[in-house]
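Below are the chains, spelled out letter by letter.
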Number of protein chains: 2
Amino acid sequence: MKLNKSVEENINSWISQINVEYKLALSVDCVIFGYTTRDMFVALTKCDMPPFEGDYSLVGDIVQPSENLDQAANRILQERTGLTNVYLEQVQTFSETNRHPLGRVVTVAYYSLIKLNEYYDKLPGEDFLIWRNIKDVDTLAFDHKEIFDVCLSRLQKQVKEQPVGFNLLPKKFTLNQLQELYEVILGVELDKRNFRRKLKSLNILQDHDELQTDVSHRPAKLYSFNKKLYEQRVADNFLF
Amino acid sequence: MKLNKSVEENINSWISQINVEYKLALSVDCVIFGYTTRDMFVALTKCDMPPFEGDYSLVGDIVQPSENLDQAANRILQERTGLTNVYLEQVQTFSETNRHPLGRVVTVAYYSLIKLNEYYDKLPGEDFLIWRNIKDVDTLAFDHKEIFDVCLSRLQKQVKEQPVGFNLLPKKFTLNQLQELYEVILGVELDKRNFRRKLKSLNILQDHDELQTDVSHRPAKLYSFNKKLYEQRVADNFLF
DNA sequence: TCAAAAGTGTTAATGATACACCCATGT
DNA sequence: ACATGGGTGTATCATTAACACTTTTGA
């Protein structure tokens, strides 16, 4: 793999990890989706690598010899957000030979889902991780815009087929919060009554007979996702 | 990556390609599905690598420095079957650190679809590639059984959402041939009248006003998949 | 004339869509 | 009392599922 000389001279956090003796480096790039009321964000970080200085990139890292891809993705999540037990989903592997200026880096894309409300105080400051509204993502370093688009499409598909959305809400939530989440992810408006009928018919929500507090209007009932009901339903029929 | 000494000593077709200086090798493994009337096969090859001597494995190879993953998959297909322009779909990347006895090999799984009827005479002999009925796949070398299962599930899902099945049939086919294909892939029986109504309503088939020949019963009409109609339909609404 | 697969319609059930008003709470 | 979001039902339409007989051809 030929390296551009001017690129080789630029030392940064990546070059120390890509031994030019390797034929190939493997990395994991995470599209970290963070949700908070009515807004979906993606975690970005500033890129200091030519020719992408000043651009933003997804967060990623080289896969270490001792770890598999899921472990690498979890480590990256932990290092960048401090969070463990985050929902992670492998999406696709990107391998264009010239996709990385430092040499041959094949990257495995993951998306992950984070409740920004709940964990915001735990998350590092703005200069370490930038949370960009997904509606405002235009260009990114490397092929990261393509990776972002593919991961967002995958999320949109999965949210219609599997109960992944609950990873973006607090344990207990109202039906309207859930509907708003679906609307933000899918970028469409949904009918309130049809949405409720649909979700209740799925029979995967647990009613806690508990109400919202601290709202200046009629408080809504709180529900939670019941994994056991879900698995039972999957075993019986299909779902969604 | 520590190598088991007894394994290191066994020279075979892989060890020459996995330089122990690399931290990691990247490979592509293909689940090559071949279809012929009422039967779906997968291409296997005999494995001579301890501890899997005598087992069968999927066909795969190391990704070369000059090629991306799709190119590697196409090359493997070409080398093993002689076929080009084969339908290929990247499925998932497998990365357990101990999945390969010779060291760290991360593999990207693809599935591909081949018309066995049409190309059977072009395919290499039995000792080079073994075509095993997918119903008879039990154990495979490495983690290849898991890869096979994941790829088969993916095919079953995609065939319900996209027009991939047509890659397994000759250009012109009868509606019953198409139905049999779906039944074999999905492992279920379908209702003839409902199947026909459904497919005609999709409006992606072209009627050639042509009949089967050489059959000892009433000949069926021949249809072909019309890509333009399909793309138009995708542009308008959704599909399937 | 027989065997073998081709071809064709209707009904019932289910799921999806469209749509408007009253309710409970805090201020 | 008012502003805010919470909560509910019905009618229509589209899709899916279940089901059996006649037709055409070659042997």
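Residues numbered from 1 in each chain as written. Chains lettered and ligands numbered in written order. Predicted model: local features only at pLDDT ≥ 70, side-chain atom pairs only at ≥ 80, totals over all residues. Heavy atoms only, no water.

A.B. asks: How would you explain unusual backbone geometry if you had to name every residue and give the values?
C.D. replies: Of note, the amide linkage connecting P50(A) to P51(A) takes the cis form, showing an omega dihedral of 0°. One can find P51(A) in the loop between β2 (39-46) and β3 (56-57). In this model, N85(B) sits at a positive phi of 55°, which is unusual for a non-glycine residue. Summarising the element assignment, N85(B) is placed in the loop between α2 (69-81) and β5 (87-94). The phi angle at D214(B) is positive, at roughly 60°, despite the residue not being glycine. With respect to the helices, strands and loops of the structure, D214(B) is situated in the loop between β8 (205-211) and β9 (221-225). (Helix = DSSP H or I, 4+ residues; strand = E, 2+ residues; numbered from the N terminus.)

A.B. asks: So what's going on with the relation of the copies chain A and chain B? Which residues, and what values?
C.D. replies: Superposition of chain A onto chain B requires a rotation of 180° combined with a translation of 0.0 Å along the rotation axis, giving an RMSD of 0.1 Å. Classification of the inter-copy transformation places it as that of a two-fold axis. Of the residues that chain A buries at the interface, 100% are likewise interface residues in chain B, meaning the two copies contact each other through the same surface. (Least-squares fit on C-alpha atoms with pLDDT ≥ 70 in both. Contact = heavy atoms within 4.5 Å.)

A.B. asks: Please set out the packing of aromatic side chains residue by residue, giving values where relevant.
C.D. replies: Two descriptors summarise a pair of aromatic rings, namely the distance from one centre to the other and the angle between the planes of the rings. Residue and element names in this part refer to chain A. The full count for this structure, using the stated rule, is 16 aromatic pairs over all chains. What links up through ring pairs into an aromatic cluster is the set F33, Y87, Y111 and F148. The ring of Y56 carries the charged tip of R132 above its face, separated from the ring centre by 4.8 Å. (Phe/Tyr/Trp six-rings, centres within 6.5 Å; stacked < 30°, edge-to-face > 60°. Lys NZ or Arg CZ within 6 Å of the ring centre and 35° of its normal.)

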